[in-house]
Amino acid sequence: ELKVEQNPLFLSMQEEKNYTIYCNYSTTSDRLYWYRQDPGKSLESLFVLLSNGAVKQEGRLMASLDTKARLSTLHITAAVHDLSATYFCAVDGSNFGNEKLTFGTGTRLTIIP
Amino acid sequence: GAGVSQSPSNKVTEKGKDVELRCDPISGHTALYWYRQSLGQGLEFLIYFQGNSAPDKSGLPSDRFSAERTGGSVSTLTIQRTQQEDSAVYLCASSHRGIRNSGANVLTFGAGSRLTVL
């Protein structure tokens, strides 16, 4: 069974600091997704990573994928308050014939002014 | 429609009652997913549909839970004899993923149905 772990689970950071969220998964997959969830809201797609070495950037967020290490990272540069949210990674099981996405536990990010 | 619609947005019920949650996916999306999110927790997979069939229903917690999809569109998740541990937000998502589509499978989520069992 595919397992997806994120760390840290909770992260409080000051504005203008840099930090990284890690997403490890247990079974070979070359499709990984990052989502954002604001409090009381649903999930919004951020990044789609479809191959080893893929890197995507949007504003202060950058996501990368290392399929050999079964690791994805979400790097936050010079954090600002409006990045406060819960971030989820999800792994696609299509490599082994299952179309469902398995989500990580989420990282609740709080940016402190 | 423009997005994934779920109803009701909020449901409060008494223990032992049955509830039905509805999901109206994006028009043309072949795949439909149900997840459950308990307070402060991650997403727990329940079931997914490809068209009207459910290739993976392994996440349904018990036989009190069932789901169907008709016309390749609307889906209903039914919980019979609700228990307090069923309280959660039930999220529906849809995607344009075909059975042998090797591209990305980006899910678009609805706003969720918050179920409270007293």
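About the criteria used
Residues numbered from 1 in each chain as written. Chains lettered and ligands numbered in written order. Predicted model: local features only at pLDDT ≥ 70, side-chain atom pairs only at ≥ 80, totals over all residues. Heavy atoms only, no water. Contact = heavy atoms within 4.5 Å. Buried area = accessible area lost by both parts, 1.4 Å probe. Salt bridge = Lys/Arg side-chain N within 4 Å of Asp/Glu carboxyl O. Polar contact = N/O pair within 3.5 Å; in protein donor to acceptor, adjacent residues only side chain to side chain. Helix = DSSP H or I, 4+ residues; strand = E, 2+ residues; numbered from the N terminus. Nonpolar A, V, L, I, M, F, W, Y, C, P; charged D, E, K, R; others polar. Buried < 20%, exposed > 50% of the residue type's maximum accessible area, 1.4 Å probe, protein only. 1 Å grid on protein atoms, 1.4 Å probe; cavity = no way out; pocket = protein on both sides within 12 Å on 5 of 7 lines; lining within 4 Å. Points joined across faces, edges and corners; volume = space filled by probe spheres on them. Pairing = 2+ DSSP bridges. Axes fitted to C-alpha atoms, helices over the stretch in contact; angles between N-to-C directions.

Enquirer: For this particular structure, what's the right way to read the interface of chain B and chain A?
Expert: Where interface size is given, it is often the accessible area lost as the parts come together that is meant. Each partner contributes to the interface: chain B provides 23 residues, whereas chain A provides 20 residues. Buried area between chain B and chain A, summed over both chains or domains, comes out near 1600 Å², and the portion from carbon and sulfur atoms is 51%. Summed over the three residues of chain B that lose the most area to chain A, namely Leu-43, Arg-97 and Phe-109 of chain B, the buried surface amounts to 24% of that side. Counting every contact that joins chain B to chain A gives one salt bridge. We note a salt bridge from Lys-100 of chain A to Asp-56 of chain B, for which the minimum N-O separation is 3.8 Å. Along the contact surface separating chain B from chain A lie five residue pairs in polar contact (both at pLDDT 80 or more). Those elements that provide at least two residues to the side of chain B that touches chain A are β4 (31-37) and β5 (43-50) of chain B. Partitioning the side of chain B that touches chain A into residue classes produces 12 nonpolar, nine polar and two charged.

Enquirer: Would you take a moment to explain the pattern of salt bridges for this structure?
Expert: Residue and element names in this part refer to chain B. Evaluated as defined, the whole model comprises five salt bridges over all chains. With a shortest N-O distance of 3.8 Å, Arg-22 and Asp-24 are connected by a salt bridge. The exposure class assigned to Asp-24 is partly exposed, which follows from its relative accessible area of 28%. In this structure, the salt-bridge partner of Arg-36 is Glu-44, at a minimum N-O distance of 3.0 Å.

Enquirer: How should I be thinking about the layout of surface pockets in this particular structure?
Expert: Size it by volume and the largest pocket reaches roughly 780 Å³. Along the wall of the largest pocket there are 35 residues; nearest its centre are Gln-37 and Arg-108 of chain A together with Gln-37, Gly-40 and Gln-41 of chain B. Contributions of two or more residues to the lining of the largest pocket are made by β9 (85-92) and β11 (107-112) of chain A together with β9 (88-95) and β11 (113-117) of chain B. When residues in the lining of the largest pocket are grouped by element, the largest group, four residues, is from β11 of chain A. Broken down by class, the residue content of the lining of the largest pocket amounts to 12 nonpolar, 19 polar and four charged. Volume-wise, the second largest pocket comes out at about 360 Å³. What lines the second largest pocket is a set of 17 residues, and nearest its centre among them are Glu-1, Leu-2, Lys-3, Lys-100 and Thr-102 of chain A. Contributing elements (two or more residues each) for the lining of the second largest pocket: β1 (4-7) and β10 (101-103) of chain A together with β5 of chain B.

Enquirer: Would you take a moment to explain the pairing of strand β4 (residues 32-37) of chain A for this structure?
Expert: It is a general feature of regular strands that their side chains alternate between the two faces of the sheet. Residues and elements named next belong to chain A. Burial analysis of β4 places six of its six residues in the buried class, which makes it a mostly covered element. Because side chains alternate across β4, one face comprises the buried residues Leu-32, Trp-34 and Arg-36, and the other comprises Tyr-33, Tyr-35 and Gln-37, equally buried. Taken together, the six bridges between β4 and strand β5 (residues 43-49) define a ladder with antiparallel strand orientation. The residue of β5 that forms the bridge with Leu-32 is Leu-49. The turn joining β4 and β5, which pair antiparallel and follow one another in sequence, is formed by five residues; a positive phi near 75° is taken by Gly-40. Strand direction decides the pairing type here: β4 and β9, joined by six bridges, are antiparallel. Residue pairing in the sheet places Gln-37 in a bridge with Thr-86 of β9.

Enquirer: Quick question: what am I supposed to make of the sheet that holds strand β3 (residues 19-25) of chain A here?
Expert: Note: strands within a sheet are paired through backbone hydrogen bonds, in either parallel or antiparallel orientation. Residue and element names in this part refer to chain A. The strand order β1-β3-β8-β7-β6 describes an open sheet built from five strands, whose pairing is antiparallel. The sheet is open, and its two edges are formed by β1 and β6 (55-58), each paired on a single side. Across the sheet, the axes of successive neighbouring strands diverge by a mean angle of 15°, strand direction being ignored. With four bridges connecting them, β1 and β3 associate as antiparallel partners.

Enquirer: What should I look at first to understand unusual backbone geometry in this one?
Expert: Generally, phi is negative for residues other than glycine and the peptide bonds are trans, each holding for most cases. Of the consecutive residues Asn-7 of chain A and Pro-8 of chain A, the connecting peptide bond is found in the cis state with omega at 0°. With respect to the helices and strands, Pro-8 of chain A occurs in the loop between β1 and β2 (10-14). In this structure, the amide linkage connecting Ser-7 of chain B to the following residue, Pro-8 of chain B, adopts the cis form with an omega of -10°. Locating Pro-8 of chain B in the fold gives a position in the loop between β1 (5-7) and β2 (10-13). Phi angles above zero are rare outside glycine, and Glu-16 of chain A is one such case at about 75°. Within the secondary structure, Glu-16 of chain A is located in the loop between β2 and β3. Within the chain, Arg-70 of chain A stands out as a residue other than glycine whose phi angle is a positive 55°.

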